[in-house]
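What follows is the residue order along each chain.
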Amino acid sequence: MFAALMAIQKNGASFIVSHPLNKSKGIFATHYSLLSLHRSSFSEPGNQILPPKTILGRFHSTSSSNRAKHPRSIFEQITNLDDALKLFDEMTHKQPLPSVLKFNRLLQAVTKMKQYSCSIELFKQMNLICVPVNAYTISIVIKCCCQMHRTSEGFAVLGYGFKRDILPNVCTFSTLLNGLVLEDRILKAEKLFKKLIKEGLCKPNAIMYNTMIKGLCGFGNNETAIALLKLMDGRGCKPDVVTYNTIIDSLCKDKMVDDALKLFNEMVFHKGILPDVVTYNSLIHGLCNLCRWDDVSNLLKEMEDQSISLDVRTYSILVDALCKEGKVEDANCIINLMIERGIDPNVVTYSSLIDGYCLRGEMSKANEVFNLMGSQGLVPDILTYNSLLNGYCKKLLIEEAMHLFNEITKKGMKPDVIAYSTMIQGLFRVGRGKVAYDLFHEMRTNKLMLNESTYTIVLKGLCNNKQVDEALSLFHLMGGNKLNSYIKVYTILIDGASRTGKLDVARVLFNDLNVKGLQPHVRTYNVMINGFCREGLVGEAKELFLKMEERGFLPNSVTYNVLLQGLLKNQQHDTIEMLLLEMEGKGFSVDATTVSLLLDHIKARSLDASLLKLIGKLVPKEGVDAL
């Protein structure tokens, strides 16, 4: 892969329109009063005196004197919300009112600034002063509702249009479909899409098909997305590169790269659709995740042959892949290469490099890159901070990690679940259990969604710090929460309880698995067997060992070592030789603790010295000399 890059371098809420403005608690309360609805001069054109230097005034003077130079329209000159609101106010005081086309252009300008709620309020005011809206007005407002994740209001606007004989077009329906997709309401989107086709309400175009395919892929429903691609083609609507890119990217994210490559070949060789840099980025990312470096190199060479330039995302993907492989030096070379080619690394690129150094424990170099980002005017995001937090915590540099964690808030960001989880785990590792648990409560106070990873980190941390009662209290507090249905949670608690002499609690938890229909892992059995042995209940340990195989769970090397150590510590020698022979037959090895105990018992003559030869076969090669 790296060689291929060098070769390239070498070659070069409900919708209500009747609310008056003075009852609204919307954006106008803090920005600008658009209309003075109670002015006596509103209905008297002769009394309307505009300031000499209004926005409209500038517009008219510019358009008349410089028409030949094709000046930008007043709507294109709008750069902030205040100007837009002032212009709207001026427009509403003109007699006669400007055409709906001009109002639409203003709405579109405000929408482009992503001031969606403001656009909706402007639309309400247009209705109050009886501006005759059209289909384009309706589609702008629907788009605003959908972008604000208020698609239900978008449908209300659609109904408002129907009542005024303003019929929606394919763009309007595509916008609504996209709104449902943005809200993860894919089933509703599918239902609407089918209704549109079945009732002939509109003929879907490429944009509409692409919207549905994007929604299906977002839910990992690649099979249906591919079926829709074929339906699209069969109905005479030709898919474009965006259509294929969406599905290829989804397949790559699901590690179905061979399927993605098959679709890629279909796109290029059967449909004659040329791939772009987005197509290649998805494939390269998918191949990098599977460590298929030869295929990556081939694609890079193919991009060169097709004169498709690598963009910042391509380079960032490669940097990230190399860093995850521990090849940070090569990643640095890639960054130097992209700079030479006039492409500036972005936050993602540098964050990947920082993560690479953190994974190697090279925190000083990670900090150098972090400072370099700042000097180049790049603002680190939460992913950058999370990488540094992870690096510090793994090196047990907890004070540095705490300082960085507090800096996140000072920089105006909010720590996410990963940041909290990393800090909590780090604090537990250095024995600061109380601070870790307090941070956990802070995380929940901030209403961050608790996931399996964080929950198990907290439970394991509490148990390792001998705070088993707190761990059990948290477990019972969670009650029927889905997080309590993970076998990993039970295994942590069983282990913690048995290690602190609470074998009865461990036994109850273990038996509760069957009641709740949960299947224990081999590790769960190992933990329980160890607990029995620790309390001298060797008979129960043997019984559970035998039940494992009966229930379809094969003991592993750890199981045998745990049982052997329990038998030896409790002076139970009758089955030692049999267990050692079973281990030999299964290709397992004895660990250092087991070997030490066996040698002690042979030395004390409680075991026969003839076992030395068998033990020698079970010791890993690097430990044979110790015998």
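Keep in mind it's a predicted model, so treat the numbers as computed, not measured.

What is the right way to read the overall build of the chain from this model?
Helix and strand counts for the chain stand at 33 helices and zero strands. Only carbon and sulfur atoms are counted for the fraction: they give 53% of the accessible area of the chain, which is about 32,200 Å².

Looking at this structure, I do not really get the pattern of salt bridges. What am I missing?
Should their charged atoms come close, side chains of opposite charge can pair. In total, this model carries 25 salt bridges according to the counting rule given. Here Glu-153 makes a salt bridge to Arg-150, at a shortest N to O gap of 2.8 Å. According to the relative accessible area criterion, Glu-153 is buried, its value standing at 4%. Asp-295 serves as the salt-bridge partner of Arg-292, at 2.9 Å between the closest nitrogen and oxygen. A relative accessible area of 24% means that Arg-292 is categorised as partly exposed. Taken together, the shared-partner salt bridges in this structure form one network comprising Glu-329, Arg-360, Glu-362 and Lys-365.

Which parts of the structure should I look at to understand the packing of aromatic side chains?
Think of a pair of aromatic rings as described by two things: how far the centres are apart, and how the planes are tilted against each other in angle. Enumeration according to the criterion identifies twelve aromatic pairs in this entry. Plain terms: the ring middles of Tyr-525 and Phe-553 are 5.5 Å apart, the flat faces sit at 45° to each other, and that makes the pair tilted. Remark: Phe-553 occurs in the loop between helix H29 (538-550) and helix H30 (557-569) and Tyr-525 occurs in helix H28 (residues 522-534); sequence separation between them is 28 residues. Between the aromatic rings of Phe-545 and Tyr-560, the centroid separation amounts to 5.3 Å while the plane-to-plane angle is 80°, which identifies the pairing as edge-to-face. In this pair, Phe-545 is assigned in helix H29 and Tyr-560 in helix H30, connecting sequence segments 15 residues apart. Here the two residues Phe-545 and Tyr-560 agree in accessibility, since each one is buried. An aromatic cluster of at least three residues, connected via ring pairs, comprises Phe-510, Tyr-525 and Phe-553.

What am I meant to see in helix H24 (residues 452-464) here?
Within an α-helix, residues lying three or four positions from one another point in the same direction, as the helix has 3.6 residues per turn. End to end, H24 covers 18 Å across 13 residues, agreeing with the expected 18 Å (1.5 Å per residue, within 8%). The set of residues buried in H24 consists of Thr-454, Tyr-455, Thr-456, Ile-457, Val-458, Leu-459, Gly-461, Leu-462 and Cys-463. Among the structural elements, helix H22 (417-429), helix H23 (433-445), helix H25 (468-478) and helix H26 (487-499) are those in contact with the buried residues of H24. Put simply, Asn-451 is the residue that caps the front of H24, since its side-chain oxygen is 3.3 Å from the backbone nitrogen of Ser-453. Directly beyond the C-terminal end of H24, a positive phi value near 60° is found at Lys-466.

Conventions used here
All residue numbers refer to position in the chain's written sequence, counted from 1. Residues qualify for local features only when their pLDDT is at least 70, as the model is predicted, and side-chain atom pairs are given and counted only at 80 or more; totals for whole chains, interfaces and linings, by contrast, use all residues. The side-chain values count all of the structure's non-hydrogen atoms but skip hydrogen atoms and water molecules. Numbering goes from the N terminus for both helices and strands, where a helix is a DSSP run of H or I of at least four residues and a strand is a run of E of at least two. Accessibility throughout is a Shrake-Rupley quantity obtained with a 1.4 Å probe, and a residue counts as covered only by protein chains that appear here. A pairing counts as a salt bridge when a side-chain nitrogen of Lys or Arg comes within 4 Å of a carboxyl oxygen of Asp or Glu. Each residue is assigned to one of three classes by its accessible area relative to the maximum for its type, calculated with a 1.4 Å probe on protein chains only: buried under 20%, partly exposed between the two thresholds, exposed over 50%. Pairing of aromatic rings covers Phe, Tyr and Trp, the last counted by its six-membered ring, and requires centre-to-centre distances within 6.5 Å; plane angles under 30 degrees mean stacked, over 60 mean edge-to-face, and any other angle means tilted. Here the expected length of a helix is defined as 1.5 Å per residue gap, with one fewer gap than residues. Whether two residues touch is decided by their heavy atoms; if any such pair falls within 4.5 Å, the residues are in contact. Counted as a polar contact is a pair of N or O atoms within 3.5 Å, where, for protein atoms, one must be capable of donating a hydrogen and the other of accepting one, and residues adjacent in sequence contribute only when both atoms are in side chains.

Spatial relationships are all this shows, so hold off on functional conclusions.
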